[in-house]
Amino acid sequence: MKLISVYGIPNCGTCKKAMQWLEDNDIKYEFINTKENKPTKAMITDWVKSLGSKSMRNTSGMSYRALGEEKKTWSDEQWIEAFSEDAMLLKRPLFVKDGEAVLVGFRANDAVKREKLSWTST
């Protein structure tokens, strides 16, 4: 059976809300703790191709704020390198469905979430 992979950290409130939403909507998922299981550079490269580096940036995190002003001019390649060195720079949660990153964060409305995360059409 295919699963949604949810990348994040266990104590993240947004990750908890996302997992509760998935459970409430009977969507099977696996949670991957990015602190314990850092995504590979190849995975991150694929995610950036799907979602773009800007949407994947955890701009409210301390790791992001610790970066210098030059981060504003970084290329996708530079962001891929930074994400692969420090997974806390990744916005959470990040959802991968059938090998493709489909959604990052959890602010989309329910219709968008269902479209991106459901295995069956609604």
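What counts and what doesn't
Residues numbered from 1 in each chain as written. Predicted model: local features only at pLDDT ≥ 70, side-chain atom pairs only at ≥ 80, totals over all residues. Heavy atoms only, no water. UniProt positions renumbered as here; feature names shortened; annotations may be inferred. Helix = DSSP H or I, 4+ residues; strand = E, 2+ residues; numbered from the N terminus. Buried < 20%, exposed > 50% of the residue type's maximum accessible area, 1.4 Å probe, protein only. Pairing = 2+ DSSP bridges. Axes fitted to C-alpha atoms, helices over the stretch in contact; angles between N-to-C directions. Contact = heavy atoms within 4.5 Å. Arc of directions from axis to C-beta.

The name that an unreviewed UniProt entry assigns to the protein is Spx/MgsR family RNA polymerase-binding regulatory protein, with the source organism given as Cyanobacterium stanieri LEGE 03274. In UniProt, the protein has this text filed under Sequence similarities (unreviewed entry): "Belongs to the ArsC family."

Draft legend 1. Quick peek at the environment of G99. You can see G99 is positioned in the loop between β3 (94-97) and β4 (100-104). Here G99 falls in the exposed class, since its relative accessible area comes to 65%. The spacing of G99 and E30 is 69 residues in sequence and 13 Å in space, taken between C-alpha atoms.

Draft legend 2. Layout of the sheet that holds strand β1 (residues 4-8). The strand order across the open sheet formed by four strands is β2-β1-β3-β4, and the pairing between neighbours is mixed. In the strand order of this sheet, the two ends are held by β2 (29-33) and β4, each with one partner. For this sheet the average axis-to-axis angle between neighbouring strands, irrespective of direction, equals 25°. Sheet analysis places β1 next to β3, joined by four bridges and oriented antiparallel. Looking across to β3, one finds that I4 is bridged to K97. Where helix α2 (residues 41-51) meets the sheet, its contacts fall on β1, β3 and β4, and the angle it forms with β4 comes to roughly 65°.

Draft legend 3. Just helix α4 (residues 76-85), in detail. Taken as a whole, α4 has its buried residues at W79, I80, A82, F83 and S84. Elements that come into contact with the buried residues of α4 comprise α2 and α3 (62-66).

Draft legend 4. Region of the structure containing α2. Buried residues of α2: I44, W47 and V48, and no others. Axial view of α2: buried residues confined to an arc of 100°, hence all on one face. Exposed side chains of α2 directed beyond 90 degrees from the buried face belong to A42 and K49. Where the residues of α2 are buried, they touch β1, α4, β3 and β4. At the exit of α2 stands G52, carrying a positive phi of roughly 85°.

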